[in-house]
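# Remarks on the overall topology
Next come the chains, spelled out residue by residue.
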Amino acid sequence: MRIWREVPIFVVLLALSALAMLPPAMLAYSSRDMHVARSFFYIAVLLAAIVAMLASTTRRPDRNEGAPQQLLTLFAAYTALPLVLALPFYEALQTTTLLNAYFEMVSSFTTTGATQFADPNRLSDALHFWRAIVGWLGGLFVWITAAAVLAPMNLGGFEVARAQRNEDSGTAFRQIFERSSIQNRISRHAKYLTPIYVALTGSVVLIGLATDEPPLNAVILAMSTLSTSGITLLGQVAAAPNFILEAAIFLFLLPAFTRNFYTQHQGTNMFTKLRLDPELKLAIGLLIGVSILLFFRHWSGAFDVNDEDNLQAALAALWGAFFTAASFLSTSGFESAWWEDARNWSGLTTPGLVLMALALMGGGVATTAGGIKLLRVYALYKHGGREMERLVYPSSLGRSGHEARRIRRAGAFIAWIFFMLFTVSLAAIMVLLSLFGVPFEAALIFSAAALTTTGPLAALASETPLVYASLPEPGKLVVIAAMVLGRLEALALIAVFNPAIWRR
């Protein structure tokens, strides 16, 4: 509708939030949980009335927000909108504080998946469904805004691939923002990406139902897979060990490693793009290497207990390591049903540092995954390889063409800046958590989980599972800020205060 192109984006997000509250209300009504149903329905109606008033007062046919306003809109979406989304959760549960409800919604909308409710039975099915819906919408929001907002600004990882002279990027920046408003760009990308996102989600739902998974769990698992939020109904991937479902989830996690699965390809075959994609190749190499490393680690433990000849346990350990590594590299944080079998087979503890390192690397640019991003890691790797080559052959010339040289030079320089910002942010969050009484190891894990948007990391990275409910209230606010920072990235927040951005 044309009216939605003439109002602020935040008003559109409020309207979608009101609409999203209806499915949990209907689910609660079908189970005769009338209090939860009324909480969602009444707040949805009230929010719809507020949206109608805001739309009528802010509507403007020639609306065209500048770059700073667009970045501020993203910031408001991850800070103010979850407060609205927390209202039905808080009202329906009644046994928690508004801060805890706000924590849950920030975690869901940033696709972090961190929860303070370690016991899944404390939440009703409708509340689990609401968390999954918010996470799913957050994943779709990441897809659309990455293409419509961050890509034209060369942010969110695009700055590595498009590293070039400042004057060229400035000219292109001005042309994009003068010729097309953010409403038009978001509308155009939403029309293209939403059907893909919905179709992929529906495919996972059908596979889950075909493997005898409970319907609600299949829907929630599908939503958390595509959004990489890691939210589940049962606290685990499936009701029972299900290899087919886990294999399907792995296939649908691949879009978290590269945007070439769903972006438009002009003049180039998609399979050719995937075959040459450095992010996908790096992800596959990391998964194979880490899986083999973990397998031999568990095999060495099984050798000590004389169980190395158990082929079934060995294959289970290999698959458990592969699937869990893939889920943490995509920052989903799913734990394979065979991950615990691998530990029982070998008797060794969980290698939490390996999982943390995978989450820190993160997934692909313009995907729902968090972390440093594979393209930045690839740029630093290529630059390091080139520097090692120059140590042996000082007069050698770089190969692989102009684009590869640009990534190795300017791209690696920008990637290194982001890496340092990420490291400083991690250290600052750890210090703040430590000031509020959080032990060092727990502060490190909570900080890494929040910045990489991998909430389940807290339960697996430590020898003793950590729970977010143990954080003091100031610590929860720090983690909330870290989740927003991890989703928006430091470069986007710095760009808001860049005078050059405001002059364009």
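Note: the structure precedes this text.
About the cut-offs
Residues numbered from 1 in each chain as written. Predicted model: local features only at pLDDT ≥ 70, side-chain atom pairs only at ≥ 80, totals over all residues. Heavy atoms only, no water. Helix = DSSP H or I, 4+ residues; strand = E, 2+ residues; numbered from the N terminus. Buried < 20%, exposed > 50% of the residue type's maximum accessible area, 1.4 Å probe, protein only. Contact = heavy atoms within 4.5 Å. Areas by Shrake-Rupley, 256 points an atom, 1.4 Å probe, with all protein chains shown as cover. Patch = residues over 30% accessible without salt bridge, like charges linked within 9 Å, V, L, I, M, F, W, Y side chains within 5 Å. Salt bridge = Lys/Arg side-chain N within 4 Å of Asp/Glu carboxyl O. Phe/Tyr/Trp six-rings, centres within 6.5 Å; stacked < 30°, edge-to-face > 60°. Lys NZ or Arg CZ within 6 Å of the ring centre and 35° of its normal. Expected span 1.5 Å × (residues − 1). Bend = angle between axes of the 7 residues up to and from the residue. Axes fitted to C-alpha atoms, helices over the stretch in contact; angles between N-to-C directions. Parallel < 35°, antiparallel > 145°, perpendicular 65-115°, else oblique. Left-handed = near helix turned anticlockwise from the far one by under 90°. Nonpolar A, V, L, I, M, F, W, Y, C, P; charged D, E, K, R; others polar. Core = buried A, V, L, I, M, F, W, Y, C linked by side-chain atoms within 4.5 Å.

## A look at the overall build of the protein
Along the backbone of the protein there are 24 helices and zero strands. When the 504 residues of the protein are sorted by exposure, 53% land in the buried category. When contacts within the protein are restricted to residue pairs at least 6 apart in sequence, long-range pairs at least 24 apart make up 73% of them. Just so you have it, the protein exposes about 22300 Å², and 64% of that area is on carbon and sulfur atoms.

## Some remarks on the environment of Ile249
With respect to the element layout, Ile249 can be found in helix H12 (residues 243-253). Residues Ile249 and Leu226, 23 residues apart in the sequence, show an inter-C-alpha distance of 8.9 Å.

## Some remarks on a nonpolar patch on the surface
A contiguous nonpolar patch, built from Ile284, Ile288, Ile292, Phe296 and Trp299 and spanning about 470 Å² of accessible area, is present on the exposed surface. Among the structural elements, Ile288 can be located in helix H14 (residues 278-304). Under the relative-accessibility criterion, Ile288 is labelled partly exposed at 45%.

## What to know about the packing of aromatic side chains
Summed over the entire model, instances satisfying the criterion amount to 17 aromatic pairs. On the numbers, 5.7 Å between centres and 70 degrees between planes, the contact of Tyr78 with Phe141 is edge-to-face. Of this pair, Tyr78 sits in helix H4 (residues 67-79) while Phe141 sits in helix H7 (residues 125-150); the two residues are 63 residues apart in sequence, bridging distant segments of the chain. Given a relative accessible area of 3%, Tyr78 falls into the buried group. Summarising the aromatic geometry, the rings of Trp143 and Tyr197 are spaced 5.0 Å apart at their centres and angled 70 degrees between planes, so their arrangement reads as edge-to-face. Residue Trp143 is found in helix H7, and its partner Tyr197 is found in helix H10 (residues 182-210); the two are separated by 54 residues along the sequence. The same class applies to Trp143 and to Tyr197, which are both buried. Stacked on the ring of Tyr29, the Lys or Arg Arg32 has its end atom at 5.1 Å from the ring centre. Here the basic side chain of Arg376 rests over the ring of Phe418, its NZ or CZ set 3.6 Å away from the ring centre.

## Some thoughts on unusual backbone geometry
The backbone phi angle of Thr111 is positive, close to 60 degrees, even though this residue is not glycine. Looking at the element boundaries, Thr111 is found in the loop between helix H6 (98-109) and H7. For Thr111, a relative accessible area of 0% corresponds to the buried category. In this model, Thr228 sits at a positive phi of 55 degrees, which is unusual for a non-glycine residue. On the basis of relative accessibility, which here comes to 1%, the residue Thr228 falls in the buried class.

## A few points about H10
With 29 residues, H10 should cover 42 Å at 1.5 Å per step; its first-to-last C-alpha distance of 41 Å lies within 8% of that length. By the largest-angle criterion, Ala190 marks the main kink of H10, which is about 35 degrees. Trailing H10 by a residue or two, Asp212 shows a phi angle of about 65 degrees, which is positive.

## Remarks on the packing of helix H1 (residues 9-20) against helix H5 (residues 81-93)
Between H1 and H5, whose axes approach to 11 Å, the crossing angle comes to 15 degrees. Considered as vectors, H1 and H5 are oriented roughly parallel to each other. In the crossing of H1 with H5, the sense of the turn from one axis to the other is right-handed. Touching Phe10, Leu13, Leu14 and Ser17 of H1 are Leu81, Val84 and Leu85, all from H5. A class-by-class count of the residues in the contact of H1 with H5 yields six nonpolar, one polar and no charged.

## A short note on the pattern of salt bridges
Summed over all chains, the structure comprises eight salt bridges. Salt-bridge contacts for Glu104 lead to Arg131; the nearest nitrogen and oxygen are separated by 3.1 Å. Here Glu104 is found in helix H6, whereas its partner Arg131 is found in helix H7, with 27 residues between them in sequence. Arg131 shares its class with Glu104; the two are buried. Where Glu159 meets Arg376, a salt bridge forms, and the shortest distance between an N and an O atom there is 2.8 Å. Residue Glu159 is located in helix H8 (residues 158-161), and its partner Arg376 is located in helix H18 (residues 374-392); the two are separated by 217 residues in the primary sequence. Taken individually, Glu159 and Arg376 each receive the classification buried, so the pair is uniform in this respect. What emerges from the salt-bridge pattern is a single network uniting Glu159, Lys373, Arg376 and Glu489.

## As for the nonpolar core
By size, the foremost hydrophobic cluster in this structure holds 152 residues, and its most contacted members are Phe89, Trp130 and Phe446. The element best represented in this core is H7, accounting for 17 residues. Sequence-distant contacts of Trp130, defined by excluding residues within four places in its chain, comprise Ser17, Ala20, Met21, Pro24, Phe40, Leu85, Pro88, Phe89 and Met105.

## So, helix H15 (residues 311-329)
For H15, which comprises 19 residues, the first-to-last C-alpha distance of 27 Å matches the rise-based estimate of 27 Å (1.5 Å per residue) to within 8%. Here H15 lies mainly inside the structure; 14 of its 19 residues are buried. Note on H15: the residue one or two positions beyond its end, Thr331, has a positive phi of about 65 degrees.

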